[in-house]
Structure formats: C-alpha cells, structure tokens
Amino acid sequence: MPTALITGVTGQDGSYLAELLLQQEYTVVGMVRRTSTINFDRIKHIQSQIEIVQGDLLDQISLINILQEYQPQEVYNLAAQSFVPTSFTQPVLTGEFTALGVTRMLDAIRIVDPSIRFYQASSSEMFGKVREVPQTERTPFYPRSPYGVAKVYGHWITVNYRESYGIFACSGILFNHESPRRGLEFVTHKITNGVARIKLGLSQELRLGNLDARRDWGYAPDYARAMWLMLQQDRPEDYVIATGETHNVREFLEEAFSYVDLDWQEFVIQDDHFYRPAEVDLLIGDASKAGQQLGWEPTITFVELVRLMVDADIEYWERRLKQAAAISA
Ligand code: NAP
Ligand code: F7E
C-alpha cells in the first residue's frame with residue numbers, strides 16, 4: 001500500500017485528505033509542528049490510524065529526515081499561514097511558511113527521492129485583482145496580499161522543480177472551500193457560527209467587514225478529492241478547482257440567517273477593523289480542465305453548503321449548552 005505524507009494534517013483540508021487516503025488504504029503520515037498544547041481536534045477521530053510525526057516547514061532537516069524515515073510515494077503540502085489578514089500583519093513569517101516552505105519541501109524531495117509525487121496547495125488568491133473572468137489555469141496572476149504573493153512564489157517554484165528536475169509536481173489552484181471544520185476566523189464559518197449563537201440566544205450581534213466581496217465557495221471534501229486525483233494522472237499538471245458560481249458575502253449572510261428564520265440586517269454590524277488594506281473583489285473559477293481530465297465535479301451547491309454549516313454549528317452549540325446544564329445541575 002502507498003504511503004502519503006500530509007503537511008498541515010491538523011488543518012481543514014489535511015483532515016479531509018487524511019480521511020480520503022485512509023479509505024484508499026494508504027499509510028498516512030501527518031506532519032505536525034511542535035506546540036506547547038496540541039490541537040488535534042480535526043483529526044481526533046482518525047488519530048490512531050495516522051502516523052503523527054513532528055516537523056516544520058521552517059526547518060529543512062526535519063523535512064529531509066521525515067522523507068528518509070517514512071519513504072512516502074506522495075507528498076501533499078497543505079501547511080501554510082493561510083489567513084489573509086494575518087499575512088498583512090506578519091508578512092515575513094507568511095513568506096517563510098507559505099512561500100519558502102514549498103522550496104524546502106521540494107528540495108528535500110529532490111535530495112531524498114525525486115520520484116516522490118508532490119501536490120502544492122495553490123490558491124485563487126493568486127488571481128487577486130482579476131485579469132479575466134472566469135479565472136482559468138492560463139489567467140495571469142495579480143496577488144493583492146502578502147499571502148497571495150507567497151502563494152504565487154509557491155506555485156512557480158513547483159512548476160520550476162517540475163521543469164528543472166522532472167519531479168512529478170502539481171499545483172492545485174483551489175478556490176475557497178469551506179466546511180464545519182473551517183477555521184472560525186474565515187468569513188463563512190464566522191457567519192454560520194454567529195448565526196447559531198444568535199439563534200440560541202448566546203450572542204446579539206455579528207461584526208463583519210466588506211460584504212460586497214464575491215467568492216466561489218465550494219465544499220472542502222470535494223476539493224480534497226481533487227488533490228488526490230491530480231497525483232494519480234500520467235502527467236503532472238496544474239488545475240483550477242472551483243464551482244463556477246460566485247456569491248457575495250451579503251448573499252451568504254442572507255442564506256444563513258433566513259435558514260433559521262432570522263433577518264441578518266437586525267444583527268450584522270459593519271466594522272472597519274475587518275476591512276483589508278487591499279481587497280480581492282471578485283473570484284469565479286472555470287474548472288473545465290479538471291472536469292475533462294480528472295473527471296472532477298463539485299457535489300454540493302452553495303445553498304447546501306451554507307445550510308450544512310449552519311446545522312453543524314447549531315448542533316455544536318446545543319451540545320455545549322446541554323453539557324453546561326448537566327454540569328450545573
Ligand atoms: P488551515 O486550516 O489554516 O491549516 C493550515 C495547516 O498548516 C495547519 O495544520 C497548521 O498547523 C499547518 N502549519 C502552519 N504553519 C506550519 C509550519 N510552519 N510547519 C508545519 N505546519 C504548519 O488551512 P486549510 O484551509 O486546510 O488550507 C490548506 C492549504 O490550502 C493551505 O496551504 C492554504 O493556504 C491552501 N488553500 C486553502 C484554501 C481554502 O479555501 N481553504 C483555498 C486555496 C488554498 P497548526 O494546526 O499547528 O496551526
Ligand atoms: O474572506 C470578506 C473578506 O477570510 C473572504 C483562505 O482560505 O480562501 C481564503 O481566503 C471574504 C474577503 O477568505 C469578513 O474581506 C468580510 O473578501 O473567508 P475569508 P479569503 O480571504 O478569500 C483563499 C482561496 C485562500 O487561499 C485562503 O487561504 O470575506 N469578509 N467580513 C471577511 N472575512 C473575514 N475573514 N472576516 C470578516 O469579518
């Protein structure tokens with residue numbers, strides 16, 4: 001059975017990809033960085049089936065040692081500083097993790113075993129101030145944040161190692177993808193968590209930034225499947241993964257609040273704190289190439305995505321309330 005190394009296994013995508021690879025009977029090695037308190041919330045249900053190994057994208061030797069010890073056939077590089085606002089306040093750290101970290105891993109592969117297949121988690125944020133609509137694999141990049149700039153570097157170094165050293169290296173240009181496991185600071189989960197708390201009487205307001213930004217939002221497990229498919233092809237190539245639909249933040253709000261019979265305008269406060277120094281106004285992807293060559297299609301619609309996230313957050317907060325009631329009884 002093949003062995004796969006996932007960096008960023010504790011993140012949203014890493015957890016779904018690990019589940020998928022375990023279903024395919026891979027040996028899954030998950031790289032985690034050392035922290036004083038471990039947070040395996042997203043992988044606790046599969047933790048016993050994964051080999052957890054300590055390593056860090058900032059530390060080249062740790063990457064070389066992991067490849068030598070576990071000898072994976074596939075490496076999925078999902079680790080990154082992935083929150084766009086933090087990239088404005090910590091631009092150098094973002095460059096180290098999200099840009100140079102890719103070179104460290106590619107170089108480790110080149111040194112230890114150049115036959116390893118490599119997936120790089122590229123992003124629609126590379127399109128930034130978009131040059132064409134919809135965006136395809138051929139659309140020029142114009143990043144609008146230190147995060148986007150770092151991802152452009154990660155994308156091109158992946159292409160460069162493929163062309164220079166013949167490494168089977170693919171860059172998946174993934175548009176926004178969400179789930180109940182999405183970090184709480186990202187706008188979709190911030191909204192659905194806020195809706196659940198307001199519905200259950202735990203909050204009275206939700207503070208947000210730019211409601212006009214448009215995104216192409218898909219469902220994270222669908223996107224994990226696309227990553228795996230890219231590494232199963234005869235030739236390494238880059239692919240856009242997207243739903244082909246765009247919605248603004250206001251539409252997401254309307255859908256989430258109305259699903260629980262609330263009017264978002266009574267609860268949402270626009271707050272300058274959540275605006276960015278430069279914004280990405282419109283993203284919409286054309287995933288025709290992935291459809292034709294990988295047979296990939298999204299399985300969840302926008303409305304289904306919003307509702308499943310609201311349902312999950314309501315269930316979470318109801319459980320928490322029951323636990324609190326049981327403790328105080
Ligand atoms: P996420 O939930 O923020 O997870 C990021 C992961 O990276 C976490 O496991 C984190 O570990 C790990 N990490 C961060 N810095 C590290 C370091 N120096 N060394 C080792 N591990 C480190 O992100 P995600 O949403 O799953 O996204 C996965 C990847 O896809 C990221 O590269 C992201 O930039 C990219 N991407 C995401 C989307 C999207 O819509 N989700 C779209 C396009 C591209 P800790 O648990 O220790 O923090
Ligand atoms: O913002 C607006 C905000 O933080 C979406 C990452 O996974 O996807 C993600 O990046 C939009 C932006 O995601 C709030 O201004 C309004 O226009 O959920 P987000 P993102 O920046 O698109 C890409 C593809 C990645 O690769 C990234 O790693 O929503 N917005 N009000 C807000 N955003 C946040 N976070 N919080 C607000 O209060």
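Every value quoted in this text rests on a predicted model; they were computed, and no experiment measured them. (Residues numbered from 1 in each chain as written. Chains lettered and ligands numbered in written order. Predicted model: local features only at pLDDT ≥ 70, side-chain atom pairs only at ≥ 80, totals over all residues. Heavy atoms only, no water.)

## Examining the pairing of strand β4 (residues 74–77)
Every regular strand shows the same layout, with side chains that alternate between the two sheet faces. In β4, alternate side chains face the same way, and those of Glu74 and Tyr76 on one face and Val75 and Asn77 on the other are all buried. Bridge count for strand β1 (residues 3–7) against β4 is four bridges, and the pairing is parallel. From the neighbouring strand, isoleucine 6 faces β4, where its bridge partner is tyrosine 76. Relative to strand β5 (residues 117–123), β4 runs parallel, the two sharing four bridges. Paired with tyrosine 76 across the strands is tyrosine 119, a residue of β5. (Buried < 20%, exposed > 50% of the residue type's maximum accessible area, 1.4 Å probe, protein only. Helix = DSSP H or I, 4+ residues; strand = E, 2+ residues; numbered from the N terminus. Pairing = 2+ DSSP bridges.)

## Examining the site of ligand 2
By nearness alone, 23 residues border ligand 2, and Ser82, Ser123, Tyr147, Arg276 and Glu279 come closest of all. A distance of 2.7 Å separates an oxygen atom of ligand 2 from a polar backbone atom of serine 82. At 2.9 Å from a nitrogen atom of ligand 2 is found a main-chain nitrogen or oxygen belonging to glutamate 185. Compared with its free state, where it exposes 690 Å², ligand 2 has 95% of that area covered by protein. Here the shell around ligand 2 is composed, by residue class, of nine nonpolar, six polar and eight charged. (Near = heavy atom within 4 Å. Polar contact = N/O pair within 3.5 Å; in protein donor to acceptor, adjacent residues only side chain to side chain. Areas by Shrake-Rupley, 256 points an atom, 1.4 Å probe, with all protein chains shown as cover. Nonpolar A, V, L, I, M, F, W, Y, C, P; charged D, E, K, R; others polar.)

## A short note on the nonpolar core
Counting 38 residues, the largest nonpolar core has Leu17, Leu21, Tyr76, Tyr119, Met230, Ile241 and Trp296 as its most contacted members. Broken down by element, this core gets its largest block of residues, eight residues, from helix α7 (residues 220–230). If we ignore the near neighbours within four places in the chain, the residues touching isoleucine 241 are Ile173, Leu174, Phe175, Tyr223, Ala226, Met230, Ala287, Ala290 and Trp296. Ranked by size, the runner-up nonpolar core spans 26 residues in total, among them Ala213, Trp217, Val249 and Phe252. (Core = buried A, V, L, I, M, F, W, Y, C linked by side-chain atoms within 4.5 Å. Contact = heavy atoms within 4.5 Å.)

## A closer look at the environment of valine 92
Looking at where valine 92 falls in the secondary structure, it is placed in helix α4 (residues 91–112). For valine 92 and isoleucine 50, which are 42 residues apart along the polypeptide, the C-alpha to C-alpha distance reads 32 Å.

## Details of the sheet that holds β4
With parallel pairing, the seven strands of this open sheet are ordered in space as β3-β2-β1-β4-β5-β6-β11. In this open sheet, the two edge strands, each paired with only one partner strand, are β3 (51–54) and β11 (239–241). On average, each strand axis in the sheet is inclined to that of its neighbour by 25°, with strand direction left out of account. Relative to strand β6 (residues 169–174), β5 runs parallel, the two being bridged by six bridges. Counted as the bridge partner of serine 123 is leucine 174 from β6. Along the sheet, helix α1 (residues 12–23) contacts β1, β2 (27–32) and β4; its crossing angle with β1, the most-contacted strand, is approximately 170°. Contacts from α7 reach β4, β5, β6 and β11, with the element oriented near 160° to β6. (Axes fitted to C-alpha atoms, helices over the stretch in contact; angles between N-to-C directions.)

## What to know about the domain arrangement of the protein
Structurally, the protein comprises domain 1 (3–178 + 216–241) and domain 2 (187–215 + 247–281 + 300–328). One C-alpha centre belongs to domain 1, the other to domain 2, and the line joining them spans 28 Å. The interface is formed by 13 residues belonging to domain 1 together with 17 residues belonging to domain 2. Carbon and sulfur atoms make up 67% of the area that domain 1 and domain 2 hide from each other, which totals about 1,400 Å². Of all residues in domain 1, Arg144, Trp217 and Tyr219 bury the most surface against domain 2, accounting for 48% of the area lost on that side. Counting the contacts that link domain 1 with domain 2 gives one salt bridge. Residue glutamate 125 is joined to arginine 215 by a salt bridge in which the shortest nitrogen-to-oxygen separation is 3.8 Å. (Domains from an automatic or database assignment. Buried area = accessible area lost by both parts, 1.4 Å probe. Salt bridge = Lys/Arg side-chain N within 4 Å of Asp/Glu carboxyl O.)

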